[in-house]
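# Secondary and tertiary structure notes
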Amino acid sequence: MTKLKLGVIGTGRIGKVHIATLVQSVPDAEVVAVADINIEGAKILAAQFGISFVTPDYKNVINHPEVDAVVICSPTDTHAKYIVEAAQAGKHIFCEKPVDLSLAVIRNAIDEVEKAGVKLMVGFNRRFDPNFKKVHDMVKAGKVGEPNILKITSRDPAPPPAEYVAVSGGMFLDMTIHDFDMARYIVGSEVTEVYVKAAVLVDPAIGEAGDVDTAIITLTFENGAIGVIDNSRKAVYGYDQRVEIFGSKGMVSADNNFPDNHRYFSSEGIQGSLPLNFFMDRYLDAYSTELKAFCDAVIHDKPVPVGGQDGLLSVAIGLAAKKSVAEGRPVKLNEIR
């Protein structure tokens, strides 16, 4: 195999990002099929990128004879089902997070993947951001010594619609799940305890949907390190994505990305550009690197860099966070797992 032929299931916001990335930035990939129940929108997107096979039925992508691997970008409640069916059809799988909101369902999907002997990669794209990867690599190389304190700031530029919140699994399993994965990735140790203080400070409709929009999360790791994540669904100045890790030998941090680095100085103060607006801009390079890594793993039969267990563990932390909010106490991960 010299080029991986892919079918994409779901042509919504993230599906559009992945199709554009695969076609324009991943030389080892060829998108040969797309599926979406919104067939007219899928046809427009397929025509834009020269994809000839378009269908409203995901099964037609999974069972397409030319498809080597599927890219699952559909709603969360379909992910595990599609993973199982793709694995049983002998297709490799790239799936957006989360795999599911139930650990038992995720475990079953992983079992089916292993039984079929195919690869499953979960879409935690922030691992592939060059700034965050540099932080990870420096920690792994011992540059900061023993990790002591991790700080992650993750704030969206605007809240999602309340109707999306109601089906997404909530902030911890939709938004913060990326931060949980980053915490494990950067510290290099598993989370053992989660304690959350959370509130509805941005949009009352989110609270009415049963979720929160603002949180401070304290993590305890097996190696003794402590982590703090602060989340908000709305930062008026844009997409705020920062990481800092402090250890026995030093500290390393990664700041926001900006469209330019200009600074304007005047008698009224110092001004600069706002951070890149949202994940489609901020993580454009990360999406490309991520999908290149998936294609490389399949073509050359290497382990995927982010597997099903990574997806499982991040959901477990998210469920512990939800339990901590509900019960107002620290929650051990072994209570969840």
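Parameters at a glance
- Residues numbered from 1 in each chain as written.
- Predicted model: local features only at pLDDT ≥ 70, side-chain atom pairs only at ≥ 80, totals over all residues.
- Heavy atoms only, no water.
- Helix = DSSP H or I, 4+ residues; strand = E, 2+ residues; numbered from the N terminus.
- Rg over C-alpha atoms; globule rule 2.2 N^0.38 Å.
- Contact = heavy atoms within 4.5 Å.
- Areas by Shrake-Rupley, 256 points an atom, 1.4 Å probe, with all protein chains shown as cover.
- Lys, Arg positive; Asp, Glu negative; His and termini not counted.
- Charge placed at Lys NZ, Arg CZ, Asp CG, Glu CD.
- Pairing = 2+ DSSP bridges.
- Axes fitted to C-alpha atoms, helices over the stretch in contact; angles between N-to-C directions.
- Parallel < 35°, antiparallel > 145°, perpendicular 65-115°, else oblique.
- Left-handed = near helix turned anticlockwise from the far one by under 90°.
- Nonpolar A, V, L, I, M, F, W, Y, C, P; charged D, E, K, R; others polar.
- Salt bridge = Lys/Arg side-chain N within 4 Å of Asp/Glu carboxyl O.
- Buried < 20%, exposed > 50% of the residue type's maximum accessible area, 1.4 Å probe, protein only.
- Core = buried A, V, L, I, M, F, W, Y, C linked by side-chain atoms within 4.5 Å.

## Details of the overall build of the protein chain
Helices and strands together make up the secondary structure of the protein chain, namely 14 helices and 15 strands. Taken against the 2.2 N^0.38 rule, which gives 20 Å for 337 residues, the C-alpha radius of gyration of the protein chain at 20 Å falls within 12% of a compact globule. Each of the three principal axes of the protein chain carries a C-alpha extent, and together these read 60 × 55 × 45 Å. The long-range share in the protein chain, meaning contacts at least 24 apart out of those at least 6 apart in sequence, stands at 71%. For the protein chain, the exposed area adds up to about 14900 Å²; of that, 52% sits on carbon and sulfur atoms. Counting 35 positive and 43 negative side-chain charges, the protein chain places the averaged centre of each group 3 Å from the other.

## Comments concerning the sheet that holds strand β1 (residues 4-9)
Taken together, the six strands give an open sheet; going across it, the order is β3-β2-β1-β4-β5-β6, and neighbouring strands pair in parallel fashion. Sheet topology places β3 (53-55) and β6 (120-123) at the edges, where each strand pairs with a single neighbour. Between one strand axis and the next, the sheet turns by 25° as a mean value, whatever way the strands run. As judged from the four bridges shared by strand β5 (residues 92-96) and β6, these two strands associate in the parallel manner. Of the residues in β6, the one forming a bridge with I93 is L120. Most of the contacts of helix α2 (residues 39-48) go to β3, to which it runs at about 165°, and overall it touches β2 (29-35) and β3.

## Side note on the sheet that holds strand β9 (residues 214-221)
Spatially, seven strands are ordered β12-β11-β7-β10-β9-β8-β15 in an open sheet, and the strand pairing comes out mixed. On the outer flanks of this sheet lie β12 (251-254) and β15 (331-332), each paired with one strand and no other. With respect to the sheet, helix α9 (residues 176-187) is in contact with β7 (147-155), β8 (191-199), β9, β10 (226-232) and β11 (240-247), its orientation differing from that of β7 by roughly 155°. Against the sheet, helix α13 (residues 308-327) engages β8, β9 and β15, with an angle of about 50° to β8.

## Some thoughts on the packing of helix α4 (residues 76-88) against helix α5 (residues 103-116)
Their axes nearest at 8 Å, the elements α4 and α5 cross at an angle of 15°. Here α5 runs roughly parallel to α4, going by the angle between their axes. Judged by the sense of rotation from one axis to the other, the crossing of α4 with α5 is left-handed. When α4 is examined against α5, the residues A80, I83, V84, A87 and Q88 are found in contact with a partner set consisting of V105, N108, A109, E112, V113 and A116. Classifying every residue of the contact of α4 with α5 by side-chain character gives eight nonpolar, two polar and one charged.

## Remarks on the pattern of salt bridges
For the structure on display, the rule yields 23 salt bridges. K59 is the partner of E85 in a salt bridge, and the nearest nitrogen-oxygen pair spans 3.1 Å. Placement of E85 in helix α4 and of K59 in helix α3 (residues 58-62) is noted, with a sequence separation of 26 residues between them. The exposure class assigned to E85 is buried, which follows from its relative accessible area of 19%. Note that E335 and R329 form a salt bridge whose closest N and O atoms lie 2.7 Å from each other. With a relative accessible area of 37%, E335 lands in the partly exposed category. Salt bridges sharing common partners tie together R127, D181, R184, E190 and D310.

## Focus: the packing of helix α1 (residues 13-25) against helix α12 (residues 284-299)
Here α1 crosses α12 at 70°, and the two axes come no closer than 10 Å. The pairing of α1 with α12 is recorded here as roughly perpendicular in orientation. α12 is crossed by α1, and the crossing has right-handed handedness. Along its contact with α1, which presents I14, V17, H18, T21, L22 and S25, the element α12 presents Y287, S288, E290, L291 and K292. Tallied by class, residues from the contact of α1 with α12 come to five nonpolar, four polar and two charged.

## Some words on the nonpolar core
The tendency in soluble globular proteins is for nonpolar side chains to be buried side by side. Ranked by size, the top nonpolar core spans 101 residues in total, and within it I93, V194 and L219 carry the most contacts. By residue number, the principal contributor to this core is α12, which donates eight residues. Those residues in contact with V194, other than ones at most four positions away along the chain, are I217, T218, L219, I317, A320, A321, S324, R329, P330, V331 and L333.

## Let's talk about the pairing of β11
Pairing between β7 and β11: eight bridges, direction antiparallel. For K151, the partnering residue across the bridge sits in β11 and is E244. When β11 meets β12, the two strands line up antiparallel, connected through four bridges. The residue of β12 that forms the bridge with I245 is V252. Two successive antiparallel strands, β11 and β12, enclose a turn made up of three residues, where G250 displays a positive phi of approximately 160°.

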